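Each chain, written out:
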Amino acid sequence: MALNNTVNHHGVEASQTFPGNLTQNYQPYRTGYHFQPSNNWMNDPNGPMIYNGIYHLFYQWRTLTGLVWSKKVWAHATSTDLVNWIHHKHAIVSSEPFDIESVWSGSTTFVQGKPIIQYTGIIKTVPWKYQVQNMAVPKDLSDPYLIEWIKPVEHNPVIKPTDDINSNAFRDPTTGWQGPDGIWRITIGSKVGNDGVAFLYRSADFIHWIKAEQPLHSAKESGMWECPDFFPVAIEGKEGVDTSVLCPSVKHVFKVSFTSHEYYTIGSYNPETDTYTPDEGSIDNDSGLRFDYGKFYASKTFFDNEKNRRVLWGWVNESSSVADDVKKGWSGLQALPRTLWLSENSKQLKQWPVEEIKQLRTERVSLPSQVLAGGSVMEVPGVTASQADVDVIFELPKLEDCDIMDPNWVAKPQLLCSLERASVPGKSGPFGLLASASKNFEEQTAIFFRVFNHQNNYVVFMCSDQSRSSLEQSNDKTTYGAFIDFDPKHDKLSLRSLIDHSAVQSFGVEGKAVITARVYPKLAVDNEALLYVFNNGTENLKMSSLEAWSMKKAEIKYLEDLKISKSQVQRRISVFELLDDQRKGGSPFTFTMGAIM
């Protein structure tokens, strides 16, 4: 792939051609409606956004031959619905001294309505490499796809690590937000010793940045904080709010990635001191809340101003061996985009797949309300089980009929799941779904609940058990578990699983807990995969409802396949400019960064 290093008066062009189409014929583990490139390695989502009605997803991509190490690029795709995608050439590649070793994760911020990317660049020095923060801007704002990006050489790098910062642990700038004083803020992940730190930087023009005396937030003995995210959520309702919103009707969420997982707290942001404080009971370590209790990392949210929602993206890595990844020709995918909002008690977030996913549903199957006897298994007929969306609701057993919960289990949900697998019966559970199952159950992925009595209150335990997911012994078959706070007056004991060949994403209790798993069955592939609902508890259980749909494939295109005339593009741009001008109540502004744009 040729690198275009043409220099013009704006700066250095950042873009490069995209990877070619997949060449292998049979790919039983490639997903049908999850986002993934045609080949090679993909990881972190970068700077997702919506601009002029088009969603943009940037992501880390590199050649598969460099599974251990190779330079990464910002690959780029666009969509009008977060489901069907167009792949474009790479938006940002290594080309200059300030990112010559690689371009790593970052974010997009709208400054006076125009998108600016900030990303981590890796600089080569003697005897080590270190990390700096750079910026890139669109070459042509009239291009509906924003294909070309420019790295202004006169300003990059915009932030360098000072002497008090570990220059090899200084990365992943967040989306910026403006305080009441009009000054921009961002945070950058780092560590001091073994303490996780989110350094705070301020700027009046989004070019020249000054490090604050104290960080936005930090925590003892949590290690390197990667991919921080900081954003407000409304206290009431499901609507999202812009990243700069600050008022009594919002709380703030602070998320970081460390120890291969994602953790978040809910708390308060003080704009006078520029510090964040988690609420009492919001745990600030690896026992805290997680966006996803399975394979999910380096997530990024953005505010969708057209639908007033906050959307979450996250990287899902493989559970197959490196040798199998190379054989497949690809590795990694993105979890389904999710809408997130604050729960009614303000103590955690809820998540749900974006509504647009429903457009892929077909061949609906509905099972009536019925009692599932203890030890029973029932097939869900008429659905393509390798590519399906299934939603089931159970009714709670009587509290006095539930197993008594051991308080020592609270901090060990994953361990409990590995001990109390789907094959181990209790009074009230396990019950749930058997996904990607073979005819004789040699292979199966069980997603299930157990219900406990804890001091005369309900506690729901959710588990995704991959221990029997494949006859292939080289796969990672880790089990995942989470305890869910349950209010019987307001919560439904619901389980929604979206099955997509090697990806199984499950949403428990209306999105209070999410578990993403990767499975690679050898028998239960394509039309040989089956779906069941089961109750392996000793007591009978009522299934209130079950609905399932086969899922169509998402549409994937490449820019070279598009047939769109220049007049169509210009007409679309003109409409968006008019609407944008009307919404702001004034004339189009002139961007103060001058020649950069």
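Overview of the structure. Quick caveat: nothing in here was measured; it's all calculated off a predicted structure.

### Observations concerning the environment of Pro-157
Then, number 1: Among the structural elements, Pro-157 can be located in the loop between strand 9 (149-151) and strand 10 (170-171).
Then, number 2: Sequence separation between Pro-157 and Ile-207 is 50 residues; the distance between their C-alpha atoms is 9.4 Å.
Then, number 3: Setting aside anything within four residues of it in sequence, one finds Pro-157 in contact with Phe-98, Val-132, Gln-133 and Asn-134.

### Re unusual backbone geometry
Then, number 1: The omega torsion across Asn-156 and Pro-157 is -5 degrees, close enough to zero to call that bond cis.
Then, number 2: Cis geometry is adopted by the peptide bond preceding Pro-430, which originates at Gly-429 and carries an omega value of 10 degrees.
Then, number 3: Positive phi outside glycine occurs at Leu-146, with the angle close to 45 degrees.
Then, number 4: Relative to the assigned elements, Leu-146 resides in the loop between strand 8 (129-138) and strand 9.
Then, number 5: Positive phi outside glycine occurs at Phe-441, with the angle close to 65 degrees.

### Looking at the sheet that holds strand 18 (residues 261-270)
Then, number 1: Overall, antiparallel pairing links the four strands, which are arranged 16-17-18-19 in an open sheet. The open sheet has two edge strands with one neighbour each: strand 16 (226-234) and strand 19 (275-278). With direction set aside, neighbouring strand axes in the sheet form an average angle of 40 degrees.
Then, number 2: One ladder, built from seven bridges, connects strand 16 with strand 17 (residues 250-258); its direction is antiparallel. The residue bridging Phe-230 from the neighbouring strand is Phe-254, located in strand 17.

### Quick look at the environment of Leu-57
Then, number 1: By the secondary structure assignment, Leu-57 is in strand 3 (residues 54-62).
Then, number 2: In this structure Leu-57 comes out as buried when scored by relative accessible area, which is 0%.
Then, number 3: With sequence-adjacent residues up to four places away left out, Leu-57 is seen in contact with Phe-35, Pro-45, Pro-48, Ala-75, His-76, Ala-77, Trp-85, Trp-313 and Gln-334.

### A closer look at the environment of Thr-108
Then, number 1: By secondary structure assignment, the location of Thr-108 is in strand 6 (residues 102-111).
Then, number 2: Overall, Thr-108 belongs to the buried group, its relative accessible area being 5%.
Then, number 3: Put simply, Thr-108 and Ala-136 are 28 residues apart on the chain and 9.4 Å apart in space, counted from C-alpha to C-alpha.
Then, number 4: Thr-108 has contacts with Gly-47, Met-49, Phe-58, Pro-115, Ile-116, Ile-117 and Thr-175, leaving out every residue within four places of it along the chain.
Then, number 5: Looking at Thr-108, its side chain comes within polar contact range of the main-chain oxygen of Gly-47, at 2.9 Å.

About the thresholds
The residue count restarts for each chain, going from 1 along the sequence in the order it is written. For a predicted model such as this one, the threshold for reporting local features is a pLDDT of at least 70, and the threshold for listing and counting side-chain atom pairs is 80 or more; totals across whole chains, interfaces and linings nevertheless cover every residue. In computing side-chain properties, one takes all heavy atoms of the structure into account and sets aside hydrogens as well as water. Helix and strand definitions follow DSSP, with helices as H or I runs of at least four residues and strands as E runs of at least two, each counted in order from the N terminus. Contacts are assigned to residue pairs that have any heavy atoms within 4.5 Å of one another. Should DSSP find at least two bridges between two strands, the strands are regarded as paired. Here an angle of 0 to 180 degrees is reported between the N-to-C directions of two axes, which are lines fitted to C-alpha atoms, with helices fitted over the stretch in contact. Burial here depends on accessible area, computed with a 1.4 Å probe over protein chains only, as a share of the maximum for the residue type. Under 20% is buried, over 50% is exposed, and the range in between is partly exposed. Polar contacts, as used here, are pairs of N or O atoms within 3.5 Å; protein pairs need one atom able to donate a hydrogen and one able to accept it. Residues neighboring in sequence count only if both atoms are side-chain atoms.

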